[in-house]
Protein chains: 4
Amino acid sequence: MLFQNPRNRTVRVGDLEIGPDSPLVLMAGPCAVEGIGQLMASAEAAKAAGATILRGGCFKPRTSPYSFQGVGEDGLEILRRAADSTGLKVVTEVMDPSQVEIVASCADILQIGARNMQNYTLLRSMVAADGKPVLLKRGIAATIEEWLYAAEYILVAGSPVILCERGIRTFADHTRFTLDVSAIPAVKRQSALPVIVDPSHAAGCRHLVPALARAAVAVGADGLLVEIHPDPRGARCDKEQALLPEELQALSGDIAAIAAAVGRRFEVPVSVVP
Amino acid sequence: MLFQNPRNRTVRVGDLEIGPDSPLVLMAGPCAVEGIGQLMASAEAAKAAGATILRGGCFKPRTSPYSFQGVGEDGLEILRRAADSTGLKVVTEVMDPSQVEIVASCADILQIGARNMQNYTLLRSMVAADGKPVLLKRGIAATIEEWLYAAEYILVAGSPVILCERGIRTFADHTRFTLDVSAIPAVKRQSALPVIVDPSHAAGCRHLVPALARAAVAVGADGLLVEIHPDPRGARCDKEQALLPEELQALSGDIAAIAAAVGRRFEVPVSVVP
Amino acid sequence: MLFQNPRNRTVRVGDLEIGPDSPLVLMAGPCAVEGIGQLMASAEAAKAAGATILRGGCFKPRTSPYSFQGVGEDGLEILRRAADSTGLKVVTEVMDPSQVEIVASCADILQIGARNMQNYTLLRSMVAADGKPVLLKRGIAATIEEWLYAAEYILVAGSPVILCERGIRTFADHTRFTLDVSAIPAVKRQSALPVIVDPSHAAGCRHLVPALARAAVAVGADGLLVEIHPDPRGARCDKEQALLPEELQALSGDIAAIAAAVGRRFEVPVSVVP
Amino acid sequence: MLFQNPRNRTVRVGDLEIGPDSPLVLMAGPCAVEGIGQLMASAEAAKAAGATILRGGCFKPRTSPYSFQGVGEDGLEILRRAADSTGLKVVTEVMDPSQVEIVASCADILQIGARNMQNYTLLRSMVAADGKPVLLKRGIAATIEEWLYAAEYILVAGSPVILCERGIRTFADHTRFTLDVSAIPAVKRQSALPVIVDPSHAAGCRHLVPALARAAVAVGADGLLVEIHPDPRGARCDKEQALLPEELQALSGDIAAIAAAVGRRFEVPVSVVP
């Protein structure tokens, strides 16, 4: 299997490397791109906390057809502009095979969301991503085996893969999803792929995000994907789980300390007090 | 919501009607289209048991990219030929927006599988189905609300929807999925849409299929989707769960009896002894 | 294993027999014994609907220590009195090894609840039940294997066992528990024991109880355990799920019809119109 | 609620304190007491790794009545002897109200297992524990609310409570149970009680235990309960998940490092190299 191939151990994103032999990577940004002001503030907050990748959704998979569906293609440019002005890379979700080329031309990493983990058409369409890496979220009810085989589809299509654990659906009702931290070491035993963790969607509420992020680093994740918003109350989606800029800063110090404790590096700006 | 609209209560498939005011509908056929011989045998077995719709997958969503992926477009013609020669309608899965037109030109009902329940691109692409009905399977970890909103996407796109419960993923290990029979009355309280049940994928093993099918009829389902194969041992996928033609006949008699007991009709050929 | 022994196929409760070779058995009554008036009304309603066993909890396992814990031993006498005056048997829960003797002296069947399915002390204490049958509910997260081994503890202690499926805990939020109808045929393949179904606790709401009860009979259950209350709004626990006397009557007719359809008998009073 | 009372924030075990204001506590030992040799070796290994509490089961709750059920009361003395000779405290499971007094006379902490979390008779019987603390494991399908109310029963009976997360039952099949790390911060928001984590039962396999233990410390647990065995291959139960003495030493260094990173202390012997 390609997912076991040691050359898939490190994913290169321009001059950045993601994987067990590289420093931890922090990806941060809002759930949805709303406008340039929001994105610039988010990019600066991300940068200030040591993030190297800016996240933000332009196309949003929404349970209801009547919910806000994202600003669409216009968002890609906003995202790129905010990232460039702060020296960040961009990760953003692609939902539709017809969007792959345009997203790949604009973003540094393409994200495939949990609901699309077994959308094989989309997985295969990564052939149009021009070799850009793909962040593959675990489906909410996917086994490790199903997740790795979904990654295999993308690897076959020619794109490197970064896995992302984001919580599974269980009976537990104190979080939106149950973060399965055991998936990180388990997937690392069965594959060579880098694995990051999204504590925000798992928690579904702001106050649990930092603790889950710390657990993710301690368990061996190669990075984090964290939702932030300069004004969470005004966010157009997932307002309950976005961290404030200052909360991300505080988390960043914690991550650096835990990373060091487990023999990993996480480079934080001098402004962050670990 | 369109899913609550009483005019979505009955779905017309040519001269056939599906819904609470119509006789129960039986859809039967193999998991995958393998060849004309297999399909003809399946169609005859389906017909003999009272089925009015022939199922069979041409494009198969498979966990591994290296598994048999279906015979593709060629299968559509085979399916149509077998159905026409026996006077059956055709339901078959569509996985890719680019296939919608061709599938709609060949099939009477388009199926969207559990893994694609929240593949919004695919749901929206039903706009190209020319108003043909869509069978929407419940995702393995979908709530009733998520399922109905997925249906809403299709209704907005202009196609009628038949819901299909096919089991959810739980800790239970004696079946492949846990058939959630309560979903049928629950979904009927919240929507007007017809609901059928696929006992085969839930069971994952032949011997539990008839019991689950009986439960489905008793609980109020408007029809069944059952896997059969003239030679299950030689099947190219899901060989453990396909019924033999004679098992479908026996099941058909049971269904008719239970249907009558709950005030529904299920019309069986005279060859079937209820 | 004793649970596979064919002589455990039929459980005798005085002149009544429970199992696949006997008519379906209906057990009905309130969640909790509240007083003689409530019990007499319940017993009469149960009798009128064809029930042969009266249920009612005297000792209630409650999540909070501050909730109503049942009327205790006094309830046993009330239960017995109401049952005797209507010619019904009695099933009631025992939570504590120290209660086994007194409960066994008063009840015809001892019930072990879902939370106690692996309370091995309690299972073993059935040795004091004087050979009276035990109704063993499935734990909310128990596999078939764990359930059968729990039954084995009771069989070793010398009491016959009737299994009772009452729903498992899953992510699904439209019912309190997900009724796992596949457990009935699955458990019957692996053991000889009779299996009944409690649709009331699974549903958690009145309106889904009849549909789940019908599914249970269709799938092959040997009986039903249904909560009723002469005045559900005034019930001291589980008021949302208790059927009214007239709803039980209606259900009884449905059960008889489905039982007949699957080759089983369910004897209803002439007052019930199937 | 008593579980919210700040005076339940720290649990005293002789001269040891457990809770958020005290150093992390490590409890280690074999799944089952087998003999004095095994216990002495385990106690020394535990001590050498910085553990202050020795665990070991004398009464074992086992799925099958025919499995090894523990050495019983004799084990209590062995456990005490091994602990005393190394200066450790003792935690051991109690399954039966009739054992409470003898266990309380011998152990420093009484453990209530996951299967008994809602065995209210047992919870209430803690009144005979003479005020000794109780380690209450979370049931495999218990919500936070159910767990805290179970603790309330024990607090009402007069014993302090230490909560223990040990994994929940989900569809995931790469571990025996899914460790729900989010439960630790969630439970700490709703109660004052100390919370520890058992990574061994969650993992079900040796190689995942250290990673889960690190996650537990990072997320904010007040201690760990870890299975070790001097010769896991010869263990009478759970042989797959027990760590070797040297593996516990290595883990201990990791714990100390992560504890420091999150502002907690974990005191390790000089022999442990963090």
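Parameters at a glance
Residues numbered from 1 in each chain as written. Chains lettered and ligands numbered in written order. Predicted model: local features only at pLDDT ≥ 70, side-chain atom pairs only at ≥ 80, totals over all residues. Heavy atoms only, no water. Helix = DSSP H or I, 4+ residues; strand = E, 2+ residues; numbered from the N terminus. Rg over C-alpha atoms; globule rule 2.2 N^0.38 Å. Buried < 20%, exposed > 50% of the residue type's maximum accessible area, 1.4 Å probe, protein only. Contact = heavy atoms within 4.5 Å. Areas by Shrake-Rupley, 256 points an atom, 1.4 Å probe, with all protein chains shown as cover. Lys, Arg positive; Asp, Glu negative; His and termini not counted. Charge placed at Lys NZ, Arg CZ, Asp CG, Glu CD. Salt bridge = Lys/Arg side-chain N within 4 Å of Asp/Glu carboxyl O. Polar contact = N/O pair within 3.5 Å; in protein donor to acceptor, adjacent residues only side chain to side chain. Nonpolar A, V, L, I, M, F, W, Y, C, P; charged D, E, K, R; others polar.

Engineer: Before we go on, may I ask you to explain the overall build of chain A in this structure?
Structural biologist: Summing up its helical and strand segments, chain A has nine helices and ten strands in all. What you see for chain A is a C-alpha radius of gyration of 17 Å, in line with the 19 Å of a compact globule of 274 residues. Along the three orthogonal principal directions, the C-alpha set of chain A runs to about 45 × 45 × 40 Å. Split into buried and exposed, the 274 residues of chain A put 68% on the buried side. For chain A, contacts bridging at least 24 residues in sequence account for 70% of all contacts bridging at least 6. Here chain A has roughly 8700 Å² of accessible surface; of this, 49% comes from carbon and sulfur atoms. Positive and negative side-chain charges of chain A, numbering 27 and 30 respectively, have mean locations separated by a distance of 2 Å.

Engineer: Sorry if this is basic, but what is going on with the pattern of salt bridges here?
Structural biologist: Once their charged atoms are close, side chains differing in charge can pair, the charge on each being opposite to the other. Applying the stated criterion across every chain yields a total of 60 salt bridges over all chains. With its nearest N and O atoms 3.8 Å apart, the salt bridge here joins A:Asp254 to A:Arg214. Linking A:Asp254 in helix H9 (residues 245-261) with A:Arg214 in helix H8 (residues 209-219), this pair joins segments that are 40 residues apart in sequence. The salt bridge involving C:Lys89 is made with C:Asp15; its shortest N-O contact spans 2.8 Å.

Engineer: Mind showing me how you'd approach the interface of chain A and chain D here?
Structural biologist: Interfaces are often described in size by the accessible area the parts lose on coming together. At the junction of the two partners, chain A supplies 36 residues and chain D supplies 35 residues. Counting across the chain A and chain D interface gives zero salt bridges. Along the contact surface separating chain A from chain D lie eight residue pairs in polar contact (both at pLDDT 80 or more). Broken down by secondary-structure element, the contributors of at least two residues to the side of chain A that touches chain D are helix H6 (183-190), H8 and H9 of chain A. Its residues assigned to classes, the side of chain A that touches chain D comprises 22 nonpolar, eight polar and six charged.

Engineer: How should I be thinking about the environment of D:Val94 in this particular structure?
Structural biologist: Inspection of the secondary structure puts D:Val94 in the loop between strand S5 (89-93) and helix H3 (100-106). Counting along the chain gives 121 residues from D:Val94 to D:Ala215, while the straight-line C-alpha distance between them is 28 Å.

In short, shape yes, function no, at least from these values alone.
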